[in-house]
Amino acid sequence: MSDPTRATSRWVPTRGDVWLAAALFVTAVLSTALGAVAGIYNSTEIDLRVALLYALCLTAPLAWRRRLPCTVAVAVSVAFFAGMMARVPELYVGNVALFIAFYTVGAWVDNRRRAFLVRVAIIAGMFTWLLISMFIDATAPTDEGLSRAGLFSPYVAFMLIQFLVNVAFFGGAYVGSTRRWHFPRVVGMHLAFVPSAVDS
């Protein structure tokens, strides 16, 4: 007979993850407000409802990151992409939340095929969005922002930085989370072959 408490426990977030999500939510709201004041995206105004909704959708799922890691990673990624498309002036907490969600999939999901597919889908989505954004910005009929003149213009240099940062971001998270998943299993295998100490 199945234990009903075990079936429902996956829906109950851990206390540490709840505190993490709450802290990131407050930080995301403050970061959005400060980003608006700083004029990110050349805008000094932001609808408070949009800022709160973005911060909530971005951080609230992290409360369940170790209960439903794949679902949380997809939800956080969608919120991050939506925020970037809507030009919400928040650039930092979103990256932190995305890193945590992405890393958790690789470090906690025992179904390695599912972990692989979810992470590859997120990476593909991010680089697709990045390439589309680069194309839109490069073909925009405007002289604002970085200069586009020349084969290796300041704009091209900035886009290459964006690309390399994303490679390092996702590559590091992928490798690090995979090693974190393997580490306790490798240690367990080694300990299994260590003979028990006996009194001489």
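Residues numbered from 1 in each chain as written. Predicted model: local features only at pLDDT ≥ 70, side-chain atom pairs only at ≥ 80, totals over all residues. Heavy atoms only, no water.

1. As for the packing of helix α2 (residues 15–38) against helix α3 (residues 48–59)
Part 1 of the reasoning: In the contact formed by α2 and α3, the axes pass within 9 Å of each other and the chain directions differ by 150°. In this structure, α2 crosses over α3, and the sense of that crossing is right-handed. Of the residues in α3, those touching α2 at Ala21, Leu24, Phe25, Ala28, Val29 and Thr32 are Ala51, Leu52, Ala55, Leu56 and Thr59.
Part 2 of the reasoning: Among the residues making up the contact of α2 with α3, the classes are represented as 9 nonpolar, 2 polar and no charged. (Axes fitted to C-alpha atoms, helices over the stretch in contact; angles between N-to-C directions. Helix = DSSP H or I, 4+ residues; strand = E, 2+ residues; numbered from the N terminus. Left-handed = near helix turned anticlockwise from the far one by under 90°. Contact = heavy atoms within 4.5 Å. Nonpolar A, V, L, I, M, F, W, Y, C, P; charged D, E, K, R; others polar.)

2. Quick look at a nonpolar patch on the surface
Part 1 of the reasoning: Together, Phe116, Leu117 and Val120 line one region of the surface with nonpolar side chains, adding up to about 240 Å² of accessible area.
Part 2 of the reasoning: Mapping Val120 onto the fold places it in helix α6 (residues 112–139).
Part 3 of the reasoning: The class for Val120 is partly exposed, based on a relative accessible area of 35%. (Patch = residues over 30% accessible without salt bridge, like charges linked within 9 Å, V, L, I, M, F, W, Y side chains within 5 Å. Areas by Shrake-Rupley, 256 points an atom, 1.4 Å probe, with all protein chains shown as cover. Salt bridge = Lys/Arg side-chain N within 4 Å of Asp/Glu carboxyl O. Buried < 20%, exposed > 50% of the residue type's maximum accessible area, 1.4 Å probe, protein only.)

3. Side note on the packing of helix α4 (residues 69–85) against helix α5 (residues 93–108)
Relative placement of two packed helices is described by the angle separating their axes and the distance separating the axes.
Part 1 of the reasoning: The geometry of α4 relative to α5 is characterised by a closest axis approach of 8 Å and an angle of 155° between their N-to-C directions. One finds that α4 runs roughly antiparallel with respect to α5. Handedness of the crossing formed by α4 with α5: left-handed. Residues Pro69, Cys70, Val72, Ala73, Val76, Ser77 and Phe80 of α4 touch α5, and the partners they reach there are Gly94, Asn95, Ala97, Leu98, Ala101, Thr104 and Val105.
Part 2 of the reasoning: Residue classes in the contact of α4 with α5 are distributed as 10 nonpolar, 4 polar and no charged. (Parallel < 35°, antiparallel > 145°, perpendicular 65-115°, else oblique.)

4. So, the pattern of salt bridges
Part 1 of the reasoning: Tallied over the entire structure, the rule returns 2 salt bridges.
Part 2 of the reasoning: Put simply, Asp17 and Arg65 hold a salt bridge, and the shortest N to O gap is 2.9 Å. Taken as a pair, Asp17 in helix α2 and Arg65 in the loop between α3 and α4 lie far apart in primary sequence, 48 residues in all. With respect to class, Asp17 is no different from Arg65; both count as buried.
Part 3 of the reasoning: Between Arg66 and Asp17 there is a salt bridge whose closest N-O contact spans 3.0 Å. Pair noted here: Arg66 is in the loop between α3 and α4 and Asp17 is in helix α2, with a separation of 49 residues, a long-range link.
Part 4 of the reasoning: Put simply, Asp17, Arg65 and Arg66 are held in one network by salt bridges that share partners.

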